[in-house]
Amino acid sequence: MLGADGLPVVAGETVYPISGDWIGDPLEVASIDRDGSVRVSLPEGKGWTCYLADRLTHTPPDTQERIDEDARKSTLEYWGCGDAGCGHCPAKIEGKIPRDRFDARNCEKAMLLDLLRRQRELDARKGGE
């Protein structure tokens with residue numbers, strides 16, 4: 001079973017739902033059922049629930065602090081480029097490098113668009129606070 005981030009979901013690890021009542025909360029994978037649903041333990045001993053694997057991610061939800069910290073990074077740091085050229089871009093998603101994914105002039109503009117997207121998602125999750 002692959003999560004929303006494309007990584008395998010494995011019993012015993014921590015995952016974060018991307019939708020539903022527990023969005024953004026850390027949940028522990030208890031088991032993976034034969035039908036493909038993932039049984040997770042809810043926070044504070046509130047029992048368990050099931051999610052489809054593609055509704056879970058291994059990435060903790062954004063915080064204002066994380067977005068602010070990432071905004072201070074260079075474009076190369078933000079996308080994790082290192083010595084890689086565009087042909088070996090580590091930030092490819094579905095085969096697209098950031099500038100193509102965001103339909104931007106370059107990866108610096110794509111970084112700005114991604115930071116704005118993340119900020120909108122955080123604001124929506126926090127109810128506009």
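Refer to the structure presented above.
A quick note: this is a predicted structure, and the numbers were derived from the prediction, not measured.

K.L.:
Which residues make up the nonpolar core, and what values go with them?
P.N.:
Ranked by size, the top nonpolar core spans 14 residues in total, and within it Tyr78, Trp79, Phe102, Ala110, Met111 and Leu115 carry the most contacts. Of all the secondary structure elements, the ones that give two or more residues to this core are helix H2 (75-79) and helix H4 (107-125). Other than its neighbours up to four places away in sequence, Trp79 contacts Pro90, Ala91, Pro98, Arg101, Phe102, Cys107, Ala110, Met111 and Asp114.

K.L.:
Can you explain the packing of aromatic side chains? Please cite residues and give values.
P.N.:
Under the defined criterion, the tally for this structure stands at 2 aromatic pairs. Pairing Tyr78 with Trp79 gives two aromatic rings, centres 4.8 Å apart and planes at 85°, and the pair type is edge-to-face. By relative accessible area, which is 9% here, Trp79 ends up buried. Aromatic side chains Trp79 and Phe102 sit 6.4 Å apart centroid to centroid with 45° between the ring planes, which places their arrangement in the tilted category.

K.L.:
Now, about the environment of Ala30: what can you tell me, with residues and values included?
P.N.:
Mapped onto the elements, Ala30 comes out in strand S2 (residues 27-32). Linking Ala30 and Thr14, residues 16 residues apart in sequence, is a C-alpha distance of 9.7 Å. Contact partners of Ala30, with chain neighbours within four places excluded, come to Ala11, Arg39, Val40 and Ser41.

K.L.:
Describe in detail the state of the cysteines, supporting the description with residues and values.
P.N.:
Applying the stated criterion to the full structure yields 0 disulfides. The structure places no disulfide on Cys86, whose sulfur is separated from the nearest cysteine sulfur, that of Cys107, by 5.6 Å. Summary of cysteine pairing: Cys89 is not part of a disulfide, and the nearest cysteine sulfur, belonging to Cys81, is at 5.5 Å.

K.L.:
Give me the lowdown on the layout of surface pockets, citing residues and values where you can.
P.N.:
Put simply, the largest pocket is a space of about 950 Å³. Secondary structure elements with two or more residues in the lining of the largest pocket: strand S1 (14-17), H2 and H4. Looking at the lining of the largest pocket element by element, the count peaks at 6 residues for H4. Tallied by class, residues from the lining of the largest pocket come to 14 nonpolar, 3 polar and 12 charged.

About the thresholds
- Residues numbered from 1 in each chain as written.
- Predicted model: local features only at pLDDT ≥ 70, side-chain atom pairs only at ≥ 80, totals over all residues.
- Heavy atoms only, no water.
- Core = buried A, V, L, I, M, F, W, Y, C linked by side-chain atoms within 4.5 Å.
- Buried < 20%, exposed > 50% of the residue type's maximum accessible area, 1.4 Å probe, protein only.
- Helix = DSSP H or I, 4+ residues; strand = E, 2+ residues; numbered from the N terminus.
- Contact = heavy atoms within 4.5 Å.
- Phe/Tyr/Trp six-rings, centres within 6.5 Å; stacked < 30°, edge-to-face > 60°.
- Disulfide = S-S within 2.5 Å.
- 1 Å grid on protein atoms, 1.4 Å probe; cavity = no way out; pocket = protein on both sides within 12 Å on 5 of 7 lines; lining within 4 Å.
- Points joined across faces, edges and corners; volume = space filled by probe spheres on them.
- Nonpolar A, V, L, I, M, F, W, Y, C, P; charged D, E, K, R; others polar.

Note that every value here comes from positions in space, so none of it alone points to a role or purpose.
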